[in-house]
Amino acid sequence: EAGVAQSPRYKIIEKRQSVAFWCNPISGHATLYWYQQILGQGPKLLIQFQNNGVVDDSQLPKDRFSAERLKGVDSTLKIQPAKLEDSAVYLCASSLDTGEREQYFGPGTRLTVT
Amino acid sequence: SQKIEQNSEALNIQEGKTATLTCNYTNYSPAYLQWYRQDPGRGPVFLLLIRENEKEKRKERLKVTFDTTLKQSLFHITASQPADSATYLCALEVAGWGKLQFGAGTQVVVTP
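Presented here is a report on the structure given in the accompanying data block. Please read all numbers here as calculations on a predicted model, not as lab measurements. (Residues numbered from 1 in each chain as written. Chains lettered and ligands numbered in written order. Predicted model: local features only at pLDDT ≥ 70, side-chain atom pairs only at ≥ 80, totals over all residues. Heavy atoms only, no water.)

It is worth spelling out the overall build of chain B at this point. Looking only at helices and strands, chain B features zero helices and eleven strands. Listed by position from the N terminus, the elements making up chain B come as β-β-β-β-β-β-β-β-β-β-β. When its C-alpha atoms are laid out on the principal axes, chain B stretches across 40 × 30 × 20 Å. Each of the 112 residues in chain B was classed as buried or not, and the buried ones make up 46%. Partitioning the intrachain contacts of chain B with sequence separation of at least 6 by distance along the chain shows that 53% fall at a separation of at least 24. Of the roughly 5500 Å² of accessible surface on chain B, 47% is carried by carbon and sulfur atoms. (Helix = DSSP H or I, 4+ residues; strand = E, 2+ residues; numbered from the N terminus. Buried < 20%, exposed > 50% of the residue type's maximum accessible area, 1.4 Å probe, protein only. Contact = heavy atoms within 4.5 Å. Areas by Shrake-Rupley, 256 points an atom, 1.4 Å probe, with all protein chains shown as cover.)

Bringing unusual backbone geometry into the picture now. Residues and elements named next belong to chain A. Of note, the bond from Ser-7 into Pro-8 is cis; its omega dihedral lies within 30 degrees of zero at -10°. Structurally, the position occupied by Pro-8 is in the loop between strand E1 (5-7) and strand E2 (10-13). Cis geometry is adopted by the peptide bond preceding Pro-81, which originates at Gln-80 and carries an omega value of -5°. Within the element layout of this structure, Pro-81 appears in the loop between strand E8 (75-79) and strand E9 (88-95).

The next thing to look at is the nonpolar core. Grouped together as the largest cluster of nonpolar side chains are 22 residues, with contacts concentrated most on Trp-35, Phe-75, Tyr-88 and Leu-92 of chain B. Mapped by element, the contributors of at least two residues to this core are strand E3 (19-25), strand E4 (32-38), strand E5 (45-51), strand E7 (62-67), strand E8 (72-77), strand E9 (86-95) and strand E11 (106-111) of chain B. Phe-21, Ala-82, Tyr-90 and Cys-92 of chain A belong to the second-largest nonpolar core, a separate cluster that totals 21 residues. (Core = buried A, V, L, I, M, F, W, Y, C linked by side-chain atoms within 4.5 Å.)

That's the geometry; what it means functionally is another story.
Written as structure tokens, this is what we have:
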């Protein structure tokens, strides 16, 4: 089966610019996650969707980050305006459902903010 | 929130030996924890899940233990191979809807 797809793979922007990332989860997976992974750290959950509803966005910096999952399939994560500290890899993952499930990760988007 | 500690120093090990990684946590015991492997430039890949009522879980050359008294999980790679070189992440369940908190990971380097 096809894995989790993400694009772009790399993005370089200047601070205060905006950027958007796209994710296509594994077909049939109801739950979708966006993580931020700063170099040398583990992934940190930003937002979790169940179908097209938000389950958890407690660690999403809502003043600059937004995410949506229209129609319960693809998802986009946006940063506006970007700050230097947003430089990280943004990982999308999906799982069959919520709860005790293994998560399947995409390759990530490496964002550099200059 | 949960504090998760994994060895920050890389583990260098000779091929054929057993690599043992630790994952310690400080607060409440999770209902389960998971281990993932991450290669450079790629997303994590799920390896094993172990529940709080399970002492040990095995999958091929991998073994995971879970001690809720010590608040610790151990991850073993037996008969290690150079292809096992990667960063290994432990992830604890921190909410009933499948929310995971990841440790920073431990890099394993297996030399021939």
